[in-house]
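Working through the structure, step by step
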Amino acid sequence: MPAPQLSLKARALRYLSMREHSRLELGRKLARYAEPGDDVEALLDFLEKNNWLSQERFAESLINRKASRFGNSRVMAELQSHGLNGEALDEIKAALADSETARAAEVWRRKFGTVAADAAERAKQMRFMLQRGFSQRAARIAMQGAPDDDEL
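Worth saying up front: this structure is predicted, and the values here are computed from it rather than measured.

What follows is about the UniProt feature "domain: RecX third three-helical" (unreviewed entry) in the protein chain. Sites flagged by UniProt as "domain: RecX third three-helical" (unreviewed entry) map to residues 99-138. Its end C-alpha atoms 10 Å apart, residues 99-138 is made of 72% helix and 0% strand.

Below, the discussion takes up helix H5 (residues 72-81). For H5, the complete set of buried residues consists of Asn72, Val75, Met76 and Leu79. End-on view of H5: buried residues confined to an arc of 95°, all on one side of the axis. Summarising the contacts, the buried residues of H5 are in contact with helix H4 (55-66) and helix H6 (87-111).

Moving on, we come to the pattern of salt bridges. Throughout the structure, instances matching the rule amount to 8 salt bridges. The salt bridge partner of Asp45 is Arg23, with a shortest N-O separation of 2.7 Å. In this pair, Asp45 sits in helix H3 (residues 40-49) while Arg23 sits in helix H2 (residues 23-31), placing the two residues 22 residues apart along the sequence. Residue Asp45 is classed as partly exposed on the basis of its relative accessible area of 41%. Residue Glu78 pairs with Lys66 through a salt bridge whose shortest N-O separation is 4.0 Å. Of the two residues, Glu78 sits in helix H5 while Lys66 sits in helix H4, which places them 12 residues apart along the sequence. A relative accessible area of 25% means that Glu78 is categorised as partly exposed. By relative accessible area, which is 18% here, Lys66 ends up buried. Salt bridges here are not isolated pairs; linked through shared partners, they connect Arg23, Glu41, Asp45 and Glu48.

The subject of this paragraph is unusual backbone geometry. Despite not being glycine, Asn51 shows a phi value in the positive range, around 60°. With respect to the element layout, Asn51 can be found in the loop between H3 and H4.

Further remarks concern the UniProt feature "domain: RecX first three-helical" (unreviewed entry) in the protein chain. The UniProt feature table records "domain: RecX first three-helical" (unreviewed entry) at residues 9-47. Along residues 9-47, the helical share is 69% and the strand share 0%, with 9 Å between the first and last C-alpha atoms.

Structurally, Glu20 is set in the loop between helix H1 (8-18) and H2. Separated by 3.1 Å, the side chains of Glu20 and Arg57 make a polar contact. If we skip the residues at most four places from it in the chain, Glu20 touches Ser54, Arg57, Phe58 and Ser61.

Moving on, we get to the environment of Trp108. By the element assignment, Trp108 lies in helix H6. Since its relative accessible area comes to 3%, Trp108 is described here as buried. The residues touching Trp108, leaving out its near neighbours within four places in the chain, are Gly113, Thr114, Val115, Gln125, Met129, Ala142, Met143 and Gly145. A distance of 2.8 Å separates the side chain of Trp108 from the side chain of Gln125, its partner in a polar contact.

Each value, and the rule that gives it
Residues numbered from 1 in each chain as written. Predicted model: local features only at pLDDT ≥ 70, side-chain atom pairs only at ≥ 80, totals over all residues. Heavy atoms only, no water. UniProt positions renumbered as here; feature names shortened; annotations may be inferred. Helix = DSSP H or I, 4+ residues; strand = E, 2+ residues; numbered from the N terminus. Buried < 20%, exposed > 50% of the residue type's maximum accessible area, 1.4 Å probe, protein only. Arc of directions from axis to C-beta. Contact = heavy atoms within 4.5 Å. Salt bridge = Lys/Arg side-chain N within 4 Å of Asp/Glu carboxyl O. Polar contact = N/O pair within 3.5 Å; in protein donor to acceptor, adjacent residues only side chain to side chain.

Shown next as structure tokens:
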């Protein structure tokens, strides 16, 4: 016996129970299952009104998942791809900027651990850090190795 067809609301609540979603992302997922006469935007408004769907919680969740592995530009690009913009994005960017160097140092330490001996190895490490979305400044500082206790 086949499983009964879920309503859009039930499907949305199932998605939201697994993890936080952005409004744009949840709208895309629900649009696949919308039938003629279903109003996905009205459902999204209802979910936001009841605080089941929150852009702030989504942004916080995404940052918690990604910030330890990626740099500011990569995290910000992903937030923008999910439809976040404006003043909230500026606040997030400022908060991430404070910890970028420390996060870059941790990523570099886990991946490489030793200071590059030659130019080719330094270039390889720099490419890796830049592809992860770290700024050149943060990557350069991280590639210098572990700081002395006096510098902390």
